[in-house]
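# Descriptive analysis of the structure
Residue strings, one per chain:
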Amino acid sequence: MYDKKPSDEHLEYLKRIKRNKITTLIWQFGILCFLIVLWQIAADKKWINDFITSSPLRIIETIINLLTKGQLFTHLFTTLGESIIGFILGMLIGTVVSVLLWWFPSAAKVCDPYLVVLNALPKIALGPVIIIWAGAGVKSIIIMTLAISLITTIIGIYAGLKSVDEEKLMLMQTFKASKKQTLFKVLLPASYVNILSVLKINVGLSWVGVIMGEFLVSKAGLGYLIMYGSQVFNLDLVMAGVIILALCAAAMYLMISSLEKCILKKFGE
Amino acid sequence: MKPLVEIQNISKVYHTVNEETVAIEGFSMNVYKGDFIAIVGPSGCGKSTILSIIAGLTPPTGGECIFNGNKPSIGYMLQKDHLLPWRTIFKNATLGLEIQKKDNEENIEYVKELLKTYGLEEFMNSYPYQLSGGMRQRAALIRTLALKPEILLLDEPFSALDYQTRLAVSDDIGKIIHSQNKTALLVTHDISEAISLADKVVVMSKRPATIKSIYEINLTPHTLSCIERRKAKEFAGYYDKIWKDLDIHVR
Ligand SMILES: Nc1ncnc2c1ncn2[C@@H]1O[C@H](COP(=O)(O)OP(=O)(O)OP(=O)(O)O)[C@@H](O)[C@H]1O
Ligand SMILES: [Mg+2]
């Protein structure tokens, strides 16, 4: 666009932005380090009871231990697999159901109170029922995940479909487009921003569902690790589990949000 | 000559839970081939409703629209361009063809031709956000023209544009429509726009809308450029009469 050289002022401005960013990063990282070190010192000096708080060094030790014994990856991949399956199933079923609701508006009206109640219900209450119905296994964990994420997904995507500009639908009508064409050429693409944000929320919810499920049943997984650790009062194990979980969830979230950025950039929004 | 469309005694009542609105009452008009008719009227009087009825998007409550001969194909252009942001300009322009499965080589060539003629060739592969408002509106017109409609319905197609762009684009679009010898119905709030573009101006009354008056526009230097037409000596006269008919009061 402009091939002339940017002015000094502009360069100064860019530099300032960059400096700002770096300062923020330093602070963010600094606070983290400070807290970790403080935790370690407090544990060493017995300011806190490290039997129930564990300590950074012991957590690292535990993680390394888990790594060398090869258990870490079993647990990690179990949980990761479950949450990815739950996430994808949730998105697929959720999208299909919301499309059906859009397709049959009277059905949507009939379903409305059910959705509201199901959405308000704390899904964890369904845990025991799910275990009895689906057995104490991976199936229950996936169903728990779906129970937690599905209703939000349906409500979110359906709201997105409904919020597409009335006039865009009229434009399709002037071309005599069929319902299916309207759906695929306008509605679904037009709600990509919305679907992406539902996707982001769902990543978090799937983790909640999987961990909840693993707390209730399961013989492997990070949720199991945490639960087991707490039962034998091994807080090192509990903390290690929590930290690995946090890292995984963050990684998955980052993946989705960079996908989002990529797509939004393409259409200039 | 038989009119292309005979609009006979149309009425339209909208129902909502709280009230019923009589939008149109006893509206009749003939549209001949090659006509460029502008419809002006106070806000909310039912202008858009008339266009939707002609387009067959909403059925009238009473009366009918008679199409003589084969039902002509109708193109409808809305106030906003409604270009789909995830499609390139070219893909947007061919949207109607794609939907009606008419995207054969001949029609695609025709769209490319139109894009070229109206200065959008180098933006074919750009996305809508990269274009100015005027260019987007032209792209929307090309999307409508791609289906080779015999009748064009334009619902305040320029009102989303700023004044300068609006003049330029209405000049452009007026020329395009005239040169393609299309039949067009244009709804607008802007009296000068109506006089400068159309050869017939229909003034509507407040709701329920009926026709208040019809003016045949004859401007002396006969030209298609609506910027030139604004300079004609009869222009002010028409403007005055229409303004009086509209009878707009600021309360
Ligand atoms: N779907 C609808 N349901 C109920 N009332 C409607 C509907 N569409 C339009 N109306 C009412 O009918 C009247 C005429 O509407 P219309 O959109 O045709 O007016 P218009 O002349 O195009 O207005 P504007 O100048 O604001 O574009 C308005 O009072 C409007 O509120
Ligand atoms: Mg209108």
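Basis of the calculations
- Residues numbered from 1 in each chain as written.
- Chains lettered and ligands numbered in written order.
- Predicted model: local features only at pLDDT ≥ 70, side-chain atom pairs only at ≥ 80, totals over all residues.
- Heavy atoms only, no water.
- Core = buried A, V, L, I, M, F, W, Y, C linked by side-chain atoms within 4.5 Å.
- Buried < 20%, exposed > 50% of the residue type's maximum accessible area, 1.4 Å probe, protein only.
- Helix = DSSP H or I, 4+ residues; strand = E, 2+ residues; numbered from the N terminus.
- Contact = heavy atoms within 4.5 Å.
- Axes fitted to C-alpha atoms, helices over the stretch in contact; angles between N-to-C directions.
- Parallel < 35°, antiparallel > 145°, perpendicular 65-115°, else oblique.
- Left-handed = near helix turned anticlockwise from the far one by under 90°.
- Nonpolar A, V, L, I, M, F, W, Y, C, P; charged D, E, K, R; others polar.
- Pairing = 2+ DSSP bridges.
- Near = heavy atom within 4 Å.
- Polar contact = N/O pair within 3.5 Å; in protein donor to acceptor, adjacent residues only side chain to side chain.
- 1 Å grid on protein atoms, 1.4 Å probe; cavity = no way out; pocket = protein on both sides within 12 Å on 5 of 7 lines; lining within 4 Å.
- Points joined across faces, edges and corners; volume = space filled by probe spheres on them.
- Domains from an automatic or database assignment.
- Patch = residues over 30% accessible without salt bridge, like charges linked within 9 Å, V, L, I, M, F, W, Y side chains within 5 Å.
- Areas by Shrake-Rupley, 256 points an atom, 1.4 Å probe, with all protein chains shown as cover.
- Salt bridge = Lys/Arg side-chain N within 4 Å of Asp/Glu carboxyl O.
- Buried area = accessible area lost by both parts, 1.4 Å probe.

Here we take up the nonpolar core. Residues I7, L153, L185 and I242 of chain B are the most contacted members of the largest nonpolar core, which totals 131 residues. By residue number, the principal contributor to this core is helix α12 (residues 235-266) of chain A, which donates 9 residues. Residues contacting L185 of chain B, with those up to four places away along its chain left out, are M29, V31, I37, I39, L51, I54, L152, L153 and L154 of chain B. Of all hydrophobic cores here, the second largest spans 5 residues; its members include I130, M144, I148 and M212 of chain A.

Further remarks concern the packing of helix α7 (residues 138-162) of chain A against helix α10 (residues 192-216) of chain A. How two helices pack is summed up by the angle between their axes together with the distance between the axes. All names here are of chain A. Here α7 crosses α10 at 160°, and the two axes come no closer than 7 Å. If you check the angle between α7 and α10, you find them roughly antiparallel. The way α7 lies across α10 gives a crossing that is right-handed. Of the residues that constitute the contact of α7 with α10, the class distribution is 11 nonpolar, 11 polar and 1 charged.

Now for the sheet that holds strand β2 (residues 20-31) of chain B. Residue and element names in this part refer to chain B. Read across the open sheet, the 3 strands follow the order β2-β1-β4; overall the sheet is antiparallel. Two strands lie at the open edges of the sheet, namely β2 and β4 (62-67), each paired on one side alone. Neighbouring strand axes in the sheet, compared pairwise and without regard to direction, differ in orientation by 20° on average. Looking at chain direction, strand β1 (residues 5-15) and β2 are connected through 8 bridges and run antiparallel. Each bridged residue has a counterpart across the sheet, and for V5 the counterpart in β2 is V31.

With that settled, consider the site of ligand 1. All names here are of chain B. G46, K47, S48, T49 and R207 are the nearest of the 13 residues found near ligand 1. C45 places a polar main-chain atom, nitrogen or oxygen, 3.2 Å from an oxygen atom of ligand 1. Within the side chain of R207, an N or O atom sits 2.7 Å from an oxygen atom of ligand 1. For the shell around ligand 1, the element with the most residues is helix α1 (residues 47-55), which contributes 3 residues. Its residues assigned to classes, the shell around ligand 1 comprises 3 nonpolar, 7 polar and 3 charged.

In this section: empty space enclosed by the protein. Counted according to the given criterion, the structure contains 2 cavities of 30 Å³ or more. In this structure, the largest cavity occupies an estimated 40 Å³ of space. Together, L171 of chain A together with Y76, M77, L78, K80, D81, H82, R143 and T144 of chain B line the largest cavity. Looking at the lining of the largest cavity, the elements that each hand over two or more residues are β5 (74-77) and α5 (133-145) of chain B. Considering only enclosed or pocket space, the second largest cavity measures out at about 30 Å³ in volume. Lining of the second largest cavity is provided by G127, I130, I131, S140, M144, G213, L216 and V217 of chain A. Secondary structure elements with two or more residues in the lining of the second largest cavity: α6 (127-134), α7 and α10 of chain A. Broken down by element, the residue count for the lining of the second largest cavity peaks at 3 residues, all from α6 of chain A. Broken down by class, the residue content of the lining of the second largest cavity amounts to 5 nonpolar, 3 polar and no charged.

By convention, interface size is frequently given as the accessible area that disappears when the constituent parts associate. The domain boundaries assigned to chain A delineate domain 1 (8-48) and domain 2 (66-266). On a C-alpha basis, the centres of domain 1 of chain A and domain 2 of chain A stand 33 Å from each other.

Look at the link from R207 of chain B to P208 of chain B: it is a cis peptide, with omega at -10°. In this fold, P208 of chain B is placed in the loop between β8 (200-204) and β9 (211-216).

The next thing to look at is a nonpolar patch on the surface. All names here are of chain A. Among the surface-exposed residues, W27, I31, F34, L35, V37, L38, I41 and W47 lie close enough to one another that they form a single nonpolar patch of about 870 Å² accessible area. Locating V37 in the fold gives a position in helix α1 (residues 8-44). With relative accessibility at 45%, the residue V37 sits in the partly exposed group.

Let us look at the sheet that holds β9 of chain B. Residues and elements named next belong to chain B. Judged by pairing direction, the sheet is mixed, and its 6 strands sit side by side in the order β5-β6-β7-β3-β8-β9 without closing on themselves. Across the chains shown, the open sheet's two edge strands, defined by having one partner strand only, are β5 and β9. Going across the sheet, the axis of each strand differs from the next one's by a mean of 15°, ignoring polarity. Across 5 bridges, strand β6 (residues 151-155) lies against strand β7 (residues 183-188) in parallel orientation. From the neighbouring strand, I151 faces β7, where its bridge partner is T183. Where helix α9 (residues 235-246) meets the sheet, it contacts β3 (36-40), β8 and β9, and its direction lies at approximately 175° from that of β9.

All right, on to the side chain of E193 of chain B then. In this fold, E193 of chain B is placed in helix α7 (residues 191-197). When neighbours within four sequence positions are excluded, E193 of chain B is seen to be in contact with F158, R166, T188 and R230 of chain B.

As a further point, take the interface of chain A and chain B. Chain A puts 22 residues into the contact, and the matching count from chain B is 21 residues. In total, about 2000 Å² of surface goes out of reach between chain A and chain B, with carbon and sulfur atoms giving 66% of it. At the surface where chain A touches chain B, the tally comes to 2 salt bridges. When the shortest N-O distance is used, the salt bridge between K80 of chain B and D165 of chain A registers 3.7 Å. If you look at where chain A meets chain B, you find 4 residue pairs in polar contact (both at pLDDT 80 or more). Put simply, the parts of the chain that give the side of chain A that touches chain B at least two residues each are α8 (166-174), α9 (179-190) and α12 of chain A. For the side of chain A that touches chain B, a count of residues per class yields 10 nonpolar, 4 polar and 8 charged.

What follows is about the domain arrangement of chain B. Residue and element names in this part refer to chain B. Splitting chain B by domain gives domain 1 (5-72 + 150-246) and domain 2 (84-148). At the interface, 13 residues of domain 1 touch 11 residues of domain 2. Summing both sides of the interface, domain 1 and domain 2 together bury roughly 980 Å²; the carbon and sulfur share of this comes to 69%. In terms of surface lost to domain 2, no three residues of domain 1 exceed L152, I176 and Q180, which account for 39% of the buried area on that side. R138 serves as the salt-bridge partner of D172, at 3.3 Å between the closest nitrogen and oxygen. Viewed at the interface, domain 2 and domain 1 are joined by 2 residue pairs in polar contact (both at pLDDT 80 or more).

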